[in-house]
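# Notes for the structure review
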Amino acid sequence: MEECKLQAVGLTKIYDGGSKGDVTAIDHVDLEVKDGEFVMIVGPSGCGKTTLINILGGLDTATDGTVLLDGKPVAGPGADRGMVFQGYSLFPWLSVQKNVEFGLKMKKAPKEERAAQAKKFIDLVGLSGFEDALPKQLSGGMKQRVAIARTLANEPEILLMDEPFGALDAQTRVVMQELLADISKKTRTTILFITHDIDEAVLLGDRIYVMSRRPGTIREVLTVHIPGERSHESLVLPEFLETKKRIMDMLWQESQDAAMDR
Amino acid sequence: MEKKNKRRGVNMEHMLSFICFALIIGLWCVLTFGGFVSELFLPSPFAVLRRIGELYADGSLWANCFESTARVVVGWFWSVVVALPCGMLMANSRKFSAFVQPIIEFARYLPVVALVPLTLLYLGIDETQKYTIIFLGTFFQLVLMVCDTVSGVDANLINAAKTLGASKMQVYKEVIFPAALPGLMDDFRLTIGWAWTYLVVAEMVAAQNGLGYMILRSQRYLATDTIFAGLILIGLIGLVTDFLFRILTRIVAPWHERLADR
């Protein structure tokens, strides 16, 4: 049995809606991510995915429930849970190099160590030669590479990714997905990745949590069995298509139920 | 091609600025040389130039410009020194904001001229009184501007820094301050302009030198040419200040993209 890295127990978030009444974003969500595992959360838009990952990352607080990292409860944001956001969130006044060094600078790591670590991860995401560029000079895909390098350079226990490729065009997205699959294999980083893109979920995940519509609950957990390396070629394998169909059916069912409610 | 057009656009703008000044001076010439207005009310441009020459020759031009500029800069500087931390705290702490906001909003509406008697009573007629008038005139506006600018910093950048392990102090120093810097430079630039308005208020009473004093004393002797000389000098110092601030902003925040620069 592999060690459990991140665990969520009974996470519930209720927003105070004032006169309109309270809104339950997520309802008793349990999940676990094992050490070195690549876990996907997929669900219809508005199901509380972002609320969930923000609570896991410590940027939002749960109304009820606990987040455990290596078995210990965590509260508030920290370097142990690195996050990558859809909007890149690069510091526009810092060069690529300085952006990647940011977390290490916060830890007051020595300059040489910072530079060496930054170089390693800039190489890893394929941005050598762009060390001195400013974020505004980079394309969306390159910005997200910097954001990934910046988080990895900090050596977090787990990488939390909130629809990181959602703003990219289709071709760039596939390139980034292959890059991330490659990084995950090379670094053995534990990753929890949120998406509404079923292809992305099946392509990248070892396991997939499928969420229901709002209030978000875990509807089902699937284990993905796709032979060989994950690449764009996996997208046409029968195993891929079969898993994709199962998730599509579930989400279709969710949308039918939502329509019935209305 | 695009670059060339942009160039031409900039030249065009310079041209228009120049034409505006030329029109005003032209109108001034027509009014005075055409004999439409008495010399007593509006001296000719040459008379004003001659007067500036005389002031330069007897040394009072530099002395007055220097005194006034020093008062403006010192008063404004203290206003910045206090307003910056105060505004940053207001933007980031609801409690602090609740504590100081009402008094600041209240003080903001007090006309500075009405405070002159009190400053004279408390501080006498030395330089401190003049700095205080300028401070009072600019501080309450500036603190709200700083608060507003700092509140406008992209929350995603702050979240990214927190998940990279930045402490509260580090978030202020490494993220909020640099992100807000271009906006703050704009706030400072606007406030130093207002400081010149309050300078004249400060020099109205109990000053022995300065451009405001020179203008007010000239009224007594109906020396309209000196009044215009003083006004033109204040305007020119204002133009230079503005220009310096724009250059300084480009130096401290070269990453910042302005709409006008695109």
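Residues numbered from 1 in each chain as written. Chains lettered and ligands numbered in written order. Predicted model: local features only at pLDDT ≥ 70, side-chain atom pairs only at ≥ 80, totals over all residues. Heavy atoms only, no water.

### Points about the confidence of the model for chain A
Averaged over chain A, the pLDDT score is 91; the fraction of residues at 70 or greater is 98%. Averaged over each element, pLDDT in chain A is lowest for helix H7 (residues 238-261) of chain A (85) and highest for helix H2 (residues 96-106) of chain A (96). (pLDDT = per-residue confidence, 0-100. Helix = DSSP H or I, 4+ residues; strand = E, 2+ residues; numbered from the N terminus.)

### What to know about the interface of chain B and chain A
Residue-level contacts link 19 residues of chain B with 24 residues of chain A. With both chains or domains summed, chain B and chain A bury close to 1800 Å², and 69% of this area falls on carbon and sulfur atoms. The largest contributions to the chain B side of the interface with chain A come from Thr163, Leu164 and Trp255 of chain B, which together make up 41% of the buried area. Linking chain B to chain A there are 1 salt bridge. Two residues, Lys105 of chain A and Glu174 of chain B, come together in a salt bridge whose shortest N-O distance is 3.3 Å. If you look at where chain B meets chain A, you find 4 residue pairs in polar contact (both at pLDDT 80 or more). Elements with a minimum of two residues in the side of chain B that touches chain A: helix H7 (155-163) and helix H8 (168-204) of chain B. A per-class count over the side of chain B that touches chain A returns 10 nonpolar, 6 polar and 3 charged. (Contact = heavy atoms within 4.5 Å. Buried area = accessible area lost by both parts, 1.4 Å probe. Salt bridge = Lys/Arg side-chain N within 4 Å of Asp/Glu carboxyl O. Polar contact = N/O pair within 3.5 Å; in protein donor to acceptor, adjacent residues only side chain to side chain. Nonpolar A, V, L, I, M, F, W, Y, C, P; charged D, E, K, R; others polar.)

### Some words on the packing of aromatic side chains
Applying the stated criterion to the full structure yields 12 aromatic pairs over all chains. Summarising the aromatic geometry, the rings of Phe135 of chain B and Phe139 of chain B are spaced 5.1 Å apart at their centres and angled 10° between planes, so their arrangement reads as stacked. Separated by 4 residues within a single helix, Phe135 of chain B and Phe139 of chain B lie in helix H6 (residues 127-151), roughly one turn from each other. We classify Phe139 of chain B as buried; its relative accessible area is 8%. In this arrangement the basic side chain of Arg150 of chain A is found over the ring face of Phe91 of chain A, its NZ or CZ atom lying 4.8 Å from the centre. (Phe/Tyr/Trp six-rings, centres within 6.5 Å; stacked < 30°, edge-to-face > 60°. Buried < 20%, exposed > 50% of the residue type's maximum accessible area, 1.4 Å probe, protein only. Lys NZ or Arg CZ within 6 Å of the ring centre and 35° of its normal.)

### Some remarks on the pairing of strand S9 (residues 207-211) of chain A
All names here are of chain A. A large share of S9 lies buried, amounting to 5 of its 5 residues. Bridge analysis of strand S3 (residues 38-42) against S9 gives 4 bridges, and the strand direction is parallel. By the bridge assignment for S9, Ile41 is matched with Tyr209. Bridge count between S9 and strand S10 (residues 218-223): 5 bridges; the pairing is antiparallel. Along S10, the bridge assignment pairs Tyr209 with Val221. (Pairing = 2+ DSSP bridges.)

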